Amino acid sequence: MATCFAPGQQIAAAVADGPARLVELRAVARDTPFLNGADALAKEISGFLLVDEAVQIVTSTRRASISSLQRRMRIGYNRAARIIEDMETSGIVSSMNSAGNRDVLAPEPIEPDDN
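Residues numbered from 1 in each chain as written. Predicted model: local features only at pLDDT ≥ 70, side-chain atom pairs only at ≥ 80, totals over all residues. Heavy atoms only, no water.

## A look at the overall build of the protein
Check the secondary structure of the protein and you find five helices and zero strands. Along the protein, helices (α) and strands (β) appear in the sequence α-α-α-α-α when read from the amino end. Expressed as a percentage of its 115 residues, the buried residues of the protein come to 30%. Of the accessible surface of the protein, which amounts to about 7900 Å², a share of 52% is contributed by carbon and sulfur atoms. (Helix = DSSP H or I, 4+ residues; strand = E, 2+ residues; numbered from the N terminus. Buried < 20%, exposed > 50% of the residue type's maximum accessible area, 1.4 Å probe, protein only. Areas by Shrake-Rupley, 256 points an atom, 1.4 Å probe, with all protein chains shown as cover.)

Here is the structure:
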């Protein structure tokens, strides 16, 4: 497997700019032979963005279900399940109780003041 070096500034810019920047990085990786591992990096960054969005959804709706996450994010069952399991490991949601439900342990997101 080939590896890729991406300067910290490029990674920070990709995270800050979101999905549009990731598409640009993928195009550069395809067109530059020595950056053939950059697509894996872009996928990893987009995965972080998905988890951020999922945490926002779960903490604001107070529902930690795989199916709810699937519908809201339009992702597959396996990806939604993995994200929920990662949230459990991180302490954001509880493990399943006897009824198969999870409690959201993290506080609700703070809405910024528009002052």
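## Some remarks on the packing of helix 4 (residues 66-73) against helix 5 (residues 77-90)
Helix packing for two helices is described by the angle between their axes and how far apart those axes are. At their nearest, the axes of helix 4 and helix 5 sit 9 Å apart, and the two run at 120 degrees to each other. Between helix 4 and helix 5, the angle is such that the two are oblique. Between helix 4 and helix 5 lies a crossing whose hand is right-handed. Listed contacts from helix 5 to I66, L69 and Q70 of helix 4 are Y77, A80, A81, I83, I84 and M87. Split by residue class, the contact of helix 4 with helix 5 holds eight nonpolar, one polar and no charged. (Axes fitted to C-alpha atoms, helices over the stretch in contact; angles between N-to-C directions. Parallel < 35°, antiparallel > 145°, perpendicular 65-115°, else oblique. Left-handed = near helix turned anticlockwise from the far one by under 90°. Contact = heavy atoms within 4.5 Å. Nonpolar A, V, L, I, M, F, W, Y, C, P; charged D, E, K, R; others polar.)

## Thoughts on helix 4
Given 3.6 residues per helical turn, the α-helix brings residues three or four places apart onto the same face. Looking only at helix 4, the buried set comprises I66, S68, L69 and M73. Axial view of helix 4: buried residues confined to an arc of 165 degrees, hence all on one face. A positive backbone phi angle near 55 degrees is found at R74, which sits one or two residues after helix 4. (Arc of directions from axis to C-beta.)

## Remarks on the nonpolar core
In this structure, V58, L69, M73, M87 and V93 are the most contacted members of the largest nonpolar core, which totals 18 residues. Only helix 3 (38-61), helix 4 and helix 5 provide two or more residues apiece to this core. Among the elements that take part in this core, helix 5 stands out by supplying five residues, more than any other. Ignoring any residue separated from it by four or fewer positions in sequence, one finds L69 in contact with A54, I57, V58, R74, I75, A80, I83, I84 and M87. (Core = buried A, V, L, I, M, F, W, Y, C linked by side-chain atoms within 4.5 Å.)

## Comments concerning the environment of V51
Secondary-structure assignment places V51 in helix 3. Note on V51: relative accessible area 29%, which makes it partly exposed. Along the chain, V51 and R82 lie 31 residues apart, while their C-alpha atoms are 9.9 Å from each other.

## Thoughts on the pattern of salt bridges
Within this structure, the stated rule accounts for one salt bridge. Between E88 and R102 there is a salt bridge; the shortest N-O distance is 2.5 Å. Taken together, the positions of E88 in helix 5 and R102 in the segment after helix 5 put the pair 14 residues apart, joining distant regions of the chain. Using a relative accessible area of 15% as the deciding quantity, one classes R102 as buried. (Salt bridge = Lys/Arg side-chain N within 4 Å of Asp/Glu carboxyl O.)

## Side note on the side chain of R102
At 2.5 Å, the side chain of R102 and the side chain of E88 are in polar contact. One polar contact links the side chain of R102 to the main-chain carbonyl oxygen of S94, over a distance of 3.3 Å. When near neighbours in sequence (up to four residues on either side) are disregarded, R102 contacts A64, I84, E88, V93, S94, S95 and M96. (Polar contact = N/O pair within 3.5 Å; in protein donor to acceptor, adjacent residues only side chain to side chain.)

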